[in-house]
Amino acid sequence: MRPGWDSPPRHALVLSGGGIVGGLYEVGALMALDAYFDGFTTCDFDLYIGSSAGAFLAALLANQVPPGAVRETLEFDTPLLPRLSGATLLSVPWGRHLATLPRLAAALPRVALDLALHWREALVLESLATLGNHLPHGIFSLDGLRDWVRSALAAAGRCDMFDDLPRRLLVPATALDTGATHVFGLHRPEPTPISAAVAASAAIPIVFEPVRIDGVDYVDAVVTDTAHERLATDHQAKLVIMVNPIRPLMADRLAAPIRHGGLPAIGSQALRIVLQRRLRDSIAALQEERPDLDLVVFEPYEYDGQLFGYSLMTYALRFEVIRRGYRTTAKTILRHYDRWARMLERHGIAVVPRAEYVFRAEQWSREAYPVPPSDWQAA
């Protein structure tokens, strides 16, 4: 039994999902938080709750791997972590894909005949849909991510088992056959490795194959809840800091409406609206039930059309996404600096002076990207 497991957590960090882009945005947001805290870091929370991409980061933070180290591993191998490449995040299960070819070949003649006979009718869509029964279970596999997490947690001082962690880590996932939410790490003993739980929580339907654990198929945790922030209050946390990297774009100030972005933009906006509405309703109910709860939510800028335009599975623009996560979070902190400093002080967390935080934010941004100092001062 690890120390602190049976006492209520004071501070909880909740990380939601959002594909590769969402996870990268959270890396930048977490780095901005680390620059804000004084004598406390994002590796010092009592409770971590990670969904989908957030589960990946929560697992590393709970193992004392700082977000800056994650950013570095996107470029090269480091003493802390092996390099995290795009091929690791988006590995293609070629063997399983090729195994579907005989079934597709057998189904094509019938589909072709239906199309020829009914090409003017809606039945065409039904005929095409039948091909879906023979397609792979997902475009990509999470085997590479699971293996990377297992390797990263094999280092000295880290652990791939929930029960061995000094802090609580909760990783929800959705059971595909029942729609139930399963929370890995909720009960002890927890036989599932953290690396397997992370993969299960991140299995975005269609994009990734479902992850099977002990005979149960799991898909993305966001299917059942946007952030699963109630897990924090169920454990009586007094302070909850949440990073939600996916929100709808407000296009009323932009030059073109969202529909001009075509089907991908329309679909992305619709998904974001659903996730945001569900999260907002949940937070409102939570704050009504727990008026003593201090809850802070960090999200992207609602008019950030460039960030919205990135596909959620984009890896090539990883450093730009991290930069946006850092800058947006830092500016949000500066807007609420004094109020949040007092709130955090009530929970035993000190923050650096405002001038020091501006300096740190400028320093990091200037080293990686040219940023006019006045841009920060005006935030």
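Residues numbered from 1 in each chain as written. Predicted model: local features only at pLDDT ≥ 70, side-chain atom pairs only at ≥ 80, totals over all residues. Heavy atoms only, no water.

Peer 1: Hey, could you run me through the overall build of the chain in this one?
Peer 2: Looking only at helices and strands, the chain features 16 helices and twelve strands. Counting over 379 residues, the chain shows a buried share of 54%. Looking at the chain alone, contacts between residues at least 24 apart form 76% of all its contacts between residues at least 6 apart. With an accessible surface of roughly 17500 Å², the chain has 59% of that area assigned to carbon and sulfur atoms. (Helix = DSSP H or I, 4+ residues; strand = E, 2+ residues; numbered from the N terminus. Buried < 20%, exposed > 50% of the residue type's maximum accessible area, 1.4 Å probe, protein only. Contact = heavy atoms within 4.5 Å. Areas by Shrake-Rupley, 256 points an atom, 1.4 Å probe, with all protein chains shown as cover.)

Peer 1: In this structure, what is going on with helix α1 (residues 19-36)? I would like to understand it.
Peer 2: Given 3.6 residues per turn, any residue in an α-helix points the same way as the ones three and four places further on. Spanning 18 residues, α1 covers 26 Å between terminal C-alpha atoms, matching the ideal 26 Å at 1.5 Å per step. Counting buried positions along α1 yields 17 of 18 residues, so the element is predominantly enclosed. (Expected span 1.5 Å × (residues − 1).)

Peer 1: What's the story with the environment of R168 in this structure? I'm lost.
Peer 2: As for its placement among the helices and strands, R168 is situated in strand β5 (residues 168-175). For the pair R168 and L186, spaced 18 residues apart in the sequence, the C-alpha separation amounts to 8.7 Å.

Peer 1: Which parts of the structure should I look at to understand the nonpolar core?
Peer 2: If you look at soluble globular proteins, the nonpolar side chains tend to sit buried side by side. Judged by nonpolar contacts, the single largest core of 89 residues is most densely connected at Y36, F56, L169, I241 and Y357. Among the elements that line this core, the one with the most residues is α1, at twelve residues. If we ignore the near neighbours within four places in the chain, the residues touching I241 are A12, L13, V14, L33, F37, F45, V296, F298 and L344. Core analysis: the next-biggest nonpolar cluster, separate from the first, contains 17 residues, V183, M242, L279 and L286 among them. (Core = buried A, V, L, I, M, F, W, Y, C linked by side-chain atoms within 4.5 Å.)

Peer 1: Is there a simple way to explain helix α13 (residues 318-335) in this structure?
Peer 2: If you check α13, its first and last C-alpha atoms are 26 Å apart, about what 18 residues at 1.5 Å a residue would give, namely 26 Å. Burial analysis of α13 places 16 of its 18 residues in the buried class, the great majority of the element.

Peer 1: Any chance you could explain the side chain of R158 here in plain terms?
Peer 2: For R158, the position within the fold is in the loop between α8 (143-152) and β5. Of the side chains with opposite charge, E72 comes closest to the buried, unpaired R158, at an N-O distance of 10 Å. In terms of polar contacts, R158 uses its side chain to reach the backbone carbonyl oxygen of A152, at 2.7 Å. With near-sequence residues (within four places) excluded, R158 lies in contact with N63, V65, L80, L81, A152 and L153. (Lys, Arg positive; Asp, Glu negative; His and termini not counted. Salt bridge = Lys/Arg side-chain N within 4 Å of Asp/Glu carboxyl O. Polar contact = N/O pair within 3.5 Å; in protein donor to acceptor, adjacent residues only side chain to side chain.)

Peer 1: Please explain the packing of aromatic side chains as it appears in this structure.
Peer 2: Given two aromatic rings, their pairing is described by the distance between the two centres and the angle made by the two planes. A complete count under the given rule lists twelve aromatic pairs for this structure. Between F298 and W340, the ring centres sit 5.3 Å apart and the planes meet at 75°, which makes this aromatic pair edge-to-face. Pair noted here: F298 is in strand β11 (residues 294-298) and W340 is in helix α14 (residues 337-346), with a separation of 42 residues, a long-range link. Across this residue pair, the class does not change: F298 and W340 are buried. A network of ring pairs unites the aromatic residues Y36, F37, F40, F45, Y48, Y337 and Y357 as a single cluster. (Phe/Tyr/Trp six-rings, centres within 6.5 Å; stacked < 30°, edge-to-face > 60°.)

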